[in-house]
Amino acid sequence: MKVEQLARKVARLIELNRRLKADNERYAIERERFLNEKKEQERRIAELKERTSALELAGGLILSEKGTAPARRKVNKILREIDALLALTTDTVDVG
């Protein structure tokens, strides 16, 4: 009787192992699909950020009916960014 019980338990464990392996394979495929989707979405986000930045720059530099104030603000912002980058470059050169 004990041998039969042991055989049933072993058979149940083998079946459970088979199911878990199948689940694992399915999850691995799903994980790979999600990773690929994530990479594509990250690429798309970077592309859209680049386009947005270019459109903002173009929109800020185009003289509108409101006058030159938006363009001046945009130019001043760009100049501040350039100054900050130059300061970082200078700091790097001085330290290096």
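It should be emphasised that the depicted structure is a prediction, and the values quoted were computed from it without experimental measurement.

1. Here's the deal with the overall build of the protein
Regarding its fold elements, the protein presents two helices and zero strands. Out of the 96 residues in the protein, the part that is buried amounts to 3%. When the accessible surface of the protein is summed, it comes to about 9,000 Å², and 60% of that surface belongs to carbon and sulfur atoms.

2. Notes on the packing of aromatic side chains
Here the structure, examined in full by the defined rule, presents zero aromatic pairs. Here the guanidinium or amino end of Arg26 rests over the ring plane of Tyr27, the centre of that ring lying 5.0 Å away.

3. Brief notes about the pattern of salt bridges
For the structure shown, the criterion picks out eight salt bridges. Put simply, Asp23 and Arg26 hold a salt bridge, and the shortest N to O gap is 3.0 Å. One end of the pair, Asp23, and the other, Arg26, are both in helix α1 (residues 2–61), three residues apart, so they sit about a helical turn from each other. Asp23 gets classed as partly exposed once you look at its relative accessible area, which sits at 25%. For Arg26, a relative accessible area of 43% gives the class partly exposed. Arg43 is paired through a salt bridge with Glu40; the nearest N and O atoms lie 2.5 Å apart. One end of the pair is Arg43 and the other is Glu40, both in helix α1 and three residues apart, which spans about a single turn.

4. Observations regarding a nonpolar patch on the surface
On the surface, a nonpolar cluster with roughly 320 Å² of combined accessible area is contributed by Val75, Leu79, Ile82 and Leu86. Structurally, Leu79 can be placed in helix α2 (residues 69–95).

Each value, and the rule that gives it
Numbering of residues starts from 1 in every chain and runs along the sequence as written. Under the rules for a predicted model, residues below a pLDDT of 70 receive no local features and side-chain atom pairs below 80 are neither given nor counted, while totals for whole chains, interfaces and linings still include all residues. Side-chain metrics rest on all non-hydrogen atoms present in the structure, leaving aside hydrogens and water. Only runs of H or I of at least four residues qualify as helices and only runs of E of at least two qualify as strands under DSSP, and these elements are numbered from the N terminus. Only protein chains enter the calculation, and the probe is 1.4 Å; a residue is then buried if its accessible area is under 20% of its type maximum, exposed if over 50%, and partly exposed in between. Accessible surface is estimated by sampling points in the Shrake-Rupley manner with a 1.4 Å probe; for residues, cover comes only from the protein chains shown. Only centres within 6.5 Å qualify two rings of Phe, Tyr or Trp (six-membered ring in Trp) as a pair; their planes then separate them into stacked at under 30 degrees, edge-to-face at over 60, and tilted for everything else. In our convention, an over-ring charge means Lys NZ or Arg CZ found within 6 Å of a ring centre and within 35 degrees of that ring's normal. Salt bridge, as used here, is a side-chain nitrogen of Lys or Arg placed within 4 Å of a carboxyl oxygen of Asp or Glu. Nonpolar side chains (Val, Leu, Ile, Met, Phe, Trp, Tyr) are joined into patches within 5 Å and like charges within 9 Å, using only residues with over 30% relative accessible area and no salt bridge.

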